[in-house]
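Here's the letter readout for the chains.
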Amino acid sequence: MNTTPSRTTPSTTTPPAGTTGPAEGSADAVTEEATAKDSLVKDPAKDSPAKAPAPKDATGTPSDAADSGTAPDDLAGQSADEDDDDDDDALEPDPFDEARHGVGAGAAAVVSAALGVVALTGAWTGRVAAERETLIGQIQTSGGGSAAQQISEIYGDAWHTTALVNGVFAVLALLVGVFVLVRPAFGVPSERPQPTWVRAVALAGVALGVLGVLISAGMYFDLFVSLPTAGAPARG
C-alpha cells in the first residue's frame, strides 16, 4: 500500500480570450484615475474667462499693470493738491483774528485823543470845581476884605482850579498815548505789527496832551494872563 501523499499541482487557468488579468486591470484603473484628476486640475485661466490675463496694450504692457502704475501717481498728485490747499488755508489770515487784532490798543488811542481834546476845551468837572472855589471866596470875603483879596479869592482861585483840572486831563492823555506807542516793545511780542491808524491816533493824543499840559501850566502860573488888579480909589 502506497502511503506517500500525492502532490497536486495548482492548476493554472487561462483567462478567456479578450479579458485581462487582475494586474493589468488594476493598472488600467490607476491610469484612468490619474487621467481624471488631470482633467479636473486644469489651468484656471483657461476655464474662467474672468481670470483670464489682462489684455496687453499697443506697447505690450498689460492694462492692469498700467493702471496699477498710474494709480499711485494719481493718489500722490491728489495728496499734493490737498496739501497745497491746506497750506493756502493756513497762510490766509482769519478775518475774525484780523478784526480782533489791535482792538485794545485802538481803544486806548481813541481815549488818549479824547482826553487831549477835553484838556484843551475844558470839562464839566473843571467848571464845577471853579464854581465851588468862587463860592468859597464869596463866603470868605463876605465879612469884608480888600479888593485885591476879593479878586484873588473869588476869581483867582477859580481860574487856577480850572487850569489844574485841565492839566490833569492833559497828563492822562499824554500817558495813555505814550503807553499805546511803546506797548509793542514790551511784553509778549506780537506776530503782526501795530495797525497804522492806532499809531496815528495815539500820536494825536500825545500831541494834544503835551499842548494841554503847556496851556494848563501857563494858566495856573499866570504866564499868559495875569490876575486883574484893583485901582487905587480916587481922592476927592
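A quick note: this is a predicted structure, and the numbers were derived from the prediction, not measured. Think of each chain on its own: its residues are numbered from 1, step by step along the sequence as written. Under the rules for a predicted model, residues below a pLDDT of 70 receive no local features and side-chain atom pairs below 80 are neither given nor counted, while totals for whole chains, interfaces and linings still include all residues. Hydrogens and water molecules were not included; the side-chain quantities draw on all heavy atoms of the structure.

### Observations concerning the overall build of the protein chain
Part 1 of the reasoning: Elements are defined by DSSP. Helices are runs of H or I of four residues or more, strands are runs of E of two residues or more, and each kind is numbered from the N terminus. The helix and strand inventory of the protein chain stands at eight helices and zero strands.
Part 2 of the reasoning: From first element to last, N terminus to C terminus, the protein chain shows the α and β order α-α-α-α-α-α-α-α.
Part 3 of the reasoning: Think of it in three bands: with a 1.4 Å probe and only protein chains considered, a residue is buried below 20% of the maximum accessible area for its type, exposed above 50%, and partly exposed in between. Looking at the protein chain residue by residue over its 236 residues, the buried ones come to 16%.
Part 4 of the reasoning: For the protein chain, restricting intrachain contacts to residue pairs at least 6 apart in sequence, the fraction spanning at least 24 positions comes to 74%.
Part 5 of the reasoning: Only carbon and sulfur atoms are counted for the fraction: they give 63% of the accessible area of the protein chain, which is about 17400 Å². It only takes one pair of heavy atoms within 4.5 Å for two residues to be counted as in contact. Here the Shrake-Rupley method, with its probe set to 1.4 Å, supplies the accessible areas, and only the displayed protein chains count as covering residues.

### Let's talk about the pattern of salt bridges
Part 1 of the reasoning: Think of a salt bridge as a Lys or Arg side-chain nitrogen and an Asp or Glu carboxyl oxygen that are within 4 Å of each other. Using the criterion set out here, one finds one salt bridge in the structure.
Part 2 of the reasoning: Across the pair Glu133 and Arg132 runs a salt bridge whose closest N-O atoms are separated by 3.9 Å.
Part 3 of the reasoning: Arg132 sits in the exposed class, given a relative accessible area of 53%.

### As for a nonpolar patch on the surface
Part 1 of the reasoning: Each patch groups residues whose relative accessible area exceeds 30% and which form no salt bridge, using 9 Å between like charges and 5 Å between nonpolar side chains of Val, Leu, Ile, Met, Phe, Trp and Tyr. Taken together, the side chains of Leu120, Leu164, Val168, Leu172, Leu211, Ile215, Tyr220, Phe221, Leu223, Phe224 and Val225 make up a nonpolar region of the molecular surface, amounting to roughly 1100 Å² of accessible area.
Part 2 of the reasoning: Of all the elements in the fold, those that place two or more residues in the nonpolar patch are α7 (147-182) and α8 (196-220).
Part 3 of the reasoning: If you trace the backbone, Val168 turns up in helix α7.
Part 4 of the reasoning: Given a relative accessible area of 44%, Val168 falls into the partly exposed group.

### Observations regarding the nonpolar core
Looking at soluble globular proteins, one finds that nonpolar side chains tend to be buried together.
Part 1 of the reasoning: Put simply, buried Ala, Val, Leu, Ile, Met, Phe, Trp, Tyr and Cys residues joined by side-chain atoms within 4.5 Å make one nonpolar core. Membership of the largest hydrophobic core is limited to five residues, which are Ala108, Ala109, Val180, Val198 and Ala202.
Part 2 of the reasoning: With residues up to four places along the chain from it excluded, the contact list for Ala109 reads Val180, Val198, Val201 and Ala202.

### What to know about helix α6 (residues 124-140)
Part 1 of the reasoning: A helix's residues, less one, multiplied by 1.5 Å, set its expected span. Taking 1.5 Å per residue as the helical rise, α6 with its 17 residues ought to reach 24 Å, and the 24 Å between its terminal C-alpha atoms agrees with that figure.
Part 2 of the reasoning: Those residues of α6 lying buried are Gly126, Ala130 and Gly137. Seen end-on, α6 carries its buried residues on one side only, within an arc spanning 35 degrees. Every exposed residue of α6 that faces more than 90 degrees away from the buried side is listed here: Trp124, Glu131, Arg132 and Ile139.
Part 3 of the reasoning: Lining the buried residues of α6 we find α7. Working note: the arc is built from the helix axis to C-beta atom directions.

### Here's the deal with the side chain of Thr161
Part 1 of the reasoning: Turning to its location among the elements, Thr161 is positioned in helix α7.
Part 2 of the reasoning: As used in this structure description, the phrase polar contact means that two N or O atoms lie within 3.5 Å; if the pair is within protein, one of them must be able to donate a hydrogen and the other to accept it, and residues adjacent in sequence are counted only when both atoms belong to side chains. Within the structure, Thr161 has its side chain in polar contact with the backbone oxygen of Asp157 (distance 2.7 Å).
Part 3 of the reasoning: When neighbours within four sequence positions are excluded, Thr161 is seen to be in contact with Ala129, Ala130 and Glu133.

### Side note on the packing of aromatic side chains
Aromatic ring pairs are reported here in terms of the distance separating the ring centres and the angle at which the planes meet.
Part 1 of the reasoning: What counts as a ring pair is set by centres within 6.5 Å for rings of Phe, Tyr and Trp (its six-membered ring), and what kind of pair is set by the plane angle: stacked under 30 degrees, edge-to-face over 60, tilted for all other angles. Under the counting rule described, the total for this entry stands at two aromatic pairs.
Part 2 of the reasoning: Considering the side-chain rings of Tyr155 and Trp159, the 6.2 Å spacing of their centres and the 25 degrees angle between planes classify their relative orientation as stacked. A residue pair is termed a helical-turn pair when its members lie 3 or 4 positions apart in one helix, as Tyr155 and Trp159 do in helix α7 at four residues.
Part 3 of the reasoning: An angle of 85 degrees between the planes, with centres 5.3 Å apart, marks the rings of Tyr220 and Phe221 as edge-to-face.
Part 4 of the reasoning: A relative accessible area of 38% places Tyr220 in the partly exposed class.

### Points about the confidence of the model for the protein chain
Part 1 of the reasoning: Each residue carries a pLDDT value, the predictor's own confidence for that position, ranging from 0 to 100. Averaged over the protein chain, the pLDDT score is 73; the fraction of residues at 70 or greater is 54%.
Part 2 of the reasoning: Helix α2 (residues 44-47) is the least confidently modelled element of the protein chain, averaging 46 in pLDDT, while α8 averages 96, the highest of any element.
Part 3 of the reasoning: Note that pLDDT drops below 50 for residues 1-25; the model gives that stretch one contact with residues more than four away or on any other chain.
Part 4 of the reasoning: Counted against residues more than four places away or in other chains, residues 43-71, with its pLDDT under 50, gives 13 contacts.

### Examining the environment of Phe224
Part 1 of the reasoning: Position of Phe224 relative to the elements: it lies in the segment after α8.
Part 2 of the reasoning: Since its relative accessible area comes to 55%, Phe224 is described here as exposed.
Part 3 of the reasoning: Aside from chain neighbours lying at most four places away, what touches Phe224 is Leu214, Ile215, Gly218 and Met219.

### Some remarks on unusual backbone geometry
Part 1 of the reasoning: Of note in this structure, Asp222 is not a glycine but carries a positive phi near 55 degrees.
Part 2 of the reasoning: Structurally, the position occupied by Asp222 is in the segment after α8.
Part 3 of the reasoning: Of the residues examined, Asp222 reaches a relative accessible area of 24% and is grouped as partly exposed.

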